[in-house]
Each structure stands twice: as structure tokens, then as C-alpha cells.
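# Fold and contact review
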Amino acid sequence: MLDGIMRRVIAPPLAVAGRRLAAAGVAADAVTLAGFAAGLAGAAAVVLRLDVLAALLFLAGRLADGLDGAIARAGRRTDRGGFLDIVCDFAFYGAFPLAFALRDPDANALAAAALLFSFYVNGATFLAYAAVAARRGWETEARGVKSIYFTAGLAEGTETILAFLLMLALPQHFPVIAYAFAAMTLATALGRGLVGWHRFRDAPQGRAPGFSPPERDDHARP
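The structure reproduced in this document is the subject of the present report. (Residues numbered from 1 in each chain as written. Predicted model: local features only at pLDDT ≥ 70, side-chain atom pairs only at ≥ 80, totals over all residues. Heavy atoms only, no water.)

### Quick word on the packing of aromatic side chains
Scanning the model with the defined rule gives 12 aromatic pairs in all. A ring pair is formed by Phe 92 and Phe 96, whose centres lie 5.9 Å apart and whose planes are at 35°; its orientation type is tilted. Of this pair, Phe 92 and Phe 96 both sit in helix H4 (residues 79–103), 4 residues apart, which is roughly one turn of the helix. Comparing Phe 92 with Phe 96, the two get one shared label, buried. Judged by centre distance (6.1 Å) and plane angle (55°), the rings of Tyr 93 and Phe 164 are tilted. With Tyr 93 in helix H4 and Phe 164 in helix H6 (residues 157–169), the pair connects residues that are 71 residues apart, well separated along the chain. (Phe/Tyr/Trp six-rings, centres within 6.5 Å; stacked < 30°, edge-to-face > 60°. Helix = DSSP H or I, 4+ residues; strand = E, 2+ residues; numbered from the N terminus. Buried < 20%, exposed > 50% of the residue type's maximum accessible area, 1.4 Å probe, protein only.)

And the structure:
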């Protein structure tokens, strides 16, 4: 829901940083892996109740997630990079609910399981929609230049970041925040599922109405 707004704000400085890093020889895949490592370290910090450190590592991981795409656009783009980025993103986002469950199983495990279930369902609709859209030759720049077809929703990357930061700021309220965000995520999945049910039933092969083909990029975020 907020990704379109945030993209307009952060895209210009990220593009500048991406060009400079690419010129310095920094590889996009290396930044992806560094960001993933920061995210996993942040999840470990959650388990250890080091919430300030966890927030800093989490934000570092998300910054790397923005920079890797900017570096790829300024340099060499590969399908491998897009594949690596989306896999790391899914693992990154799954690690934080798990970390809260490990931190306090009695208080957090059920809410964490509900949140992970919503991520699972949302990820399934996201990737399935992208796969069918790719087979039909559909492309869109609605959420920026991405390696796969992105659909908008109530809970996107920006909302996920805000929800996780709120969990870190108010860890004692993790269950309430997790259940609320799980509901938003499931609503997003339901909406995408209904759109897919409608578009994929009768739509002819070829480009979707209202969309134009973008340049290819190798980094993406759900």
C-alpha cells in the first residue's frame, strides 16, 4: 500500500548510491548476501533481547535490500541476482517471527505461527501470480522495475518493515501486533487471489491492458 509512495522518496538517493558503488566495483549479489546476514544477525539479537541492536541490524538489512537493486541497475543485471534476492527476502522476513517465538515461546509462539502462516499464503499468491503473469508475457512498473511481476496490496514491504520495527519497540505487545499484521497480510493474499481468479480465467495470452514492458532488473522485494 505504501511502497509506491516510499519508492518515489527513496529511489533517487538509492540510484545515486547504486551508481557510485557499482563504479567502485561492488557487486549487487554481495550486497544482497550482506543484507541477508545482517537480517539473520538481527533475528538472533531478538532472541537475545537486544532490541536496539536488532533494530539497527534489521534496518541495515533493509538498506542493503534497496541498494542491491540500485547497483544492479547501474551495472550488470542477471536473473541469478533476482532469484537470490527474492529467496533471501522470504527467508529474512520469516526469521523475525521465528525469533520472537524462540524469545518467549509461551507468550509469542502462537502469534508467530499465525503470522508465518499469513506470510506463507501471501507468498504463495505472490509467486503464483508472478509465474502466470510471466507465462502470459505481462510486465509492469507499478512497483518499480522488478525481476518478477509485482502486484500491490494492503501489506507490502514498507508495511512489513514498520510492523517489525513496532514489534521491536514494543516487544511485550508482539502477539497483538502479529495478529493484526497477519490479518492485513491475509487480506492482501485474498485480494491478490481474487484478482488472479478474475484475470487468469478469460484473459488472452499477451500483455495485460494498461501495462508496458520495462527494462529488466534483477532485484525484487515482496
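### Quick notes on the packing of helix H3 (residues 51–74) against H6
Where H3 contacts H6, the two axes come as close as 9 Å, and the packing angle between them is 165°. In terms of orientation, H3 lies roughly antiparallel with respect to H6. In the packing of H3 onto H6, the handedness of the crossing is left-handed. Contacts between H3 and H6 involve Asp 51, Ala 54, Ala 55, Phe 58, Leu 59 and Arg 62 on the former and, on the latter, Ile 161, Phe 164, Leu 165 and Leu 168. Here the residues of the contact of H3 with H6 sort into 8 nonpolar, no polar and 2 charged. (Axes fitted to C-alpha atoms, helices over the stretch in contact; angles between N-to-C directions. Parallel < 35°, antiparallel > 145°, perpendicular 65-115°, else oblique. Left-handed = near helix turned anticlockwise from the far one by under 90°. Contact = heavy atoms within 4.5 Å. Nonpolar A, V, L, I, M, F, W, Y, C, P; charged D, E, K, R; others polar.)

### Observations regarding the pattern of salt bridges
This model, assessed by the stated rule, comprises 4 salt bridges. As a salt-bridge pair, Asp 29 and Arg 80 come within 3.0 Å of each other at their nearest N and O atoms. Of this pair, Asp 29 sits in helix H2 (residues 28–47) while Arg 80 sits in helix H4, and the two are 51 residues apart along the sequence. Relative accessible area serves as the criterion here: at 15%, Asp 29 is assigned to the buried category. (Salt bridge = Lys/Arg side-chain N within 4 Å of Asp/Glu carboxyl O.)

### Some points on empty space enclosed by the protein
Unoccupied space between atoms shows up once a probe the size of one water molecule is rolled over them. Inspection of every chain in the model, using the stated rule, returns 1 cavity of 30 Å³ or more. Considering only enclosed or pocket space, the largest cavity measures out at about 60 Å³ in volume. Forming the boundary of the largest cavity are 13 residues, of which Thr 32, Phe 36, Arg 62, Asp 65 and Asp 89 lie nearest the centre. Those elements that place two or more of their residues in the lining of the largest cavity are H2, H3 and H4. The element contributing the most residues to the lining of the largest cavity is H3, with 5 residues. (1 Å grid on protein atoms, 1.4 Å probe; cavity = no way out; pocket = protein on both sides within 12 Å on 5 of 7 lines; lining within 4 Å. Points joined across faces, edges and corners; volume = space filled by probe spheres on them.)

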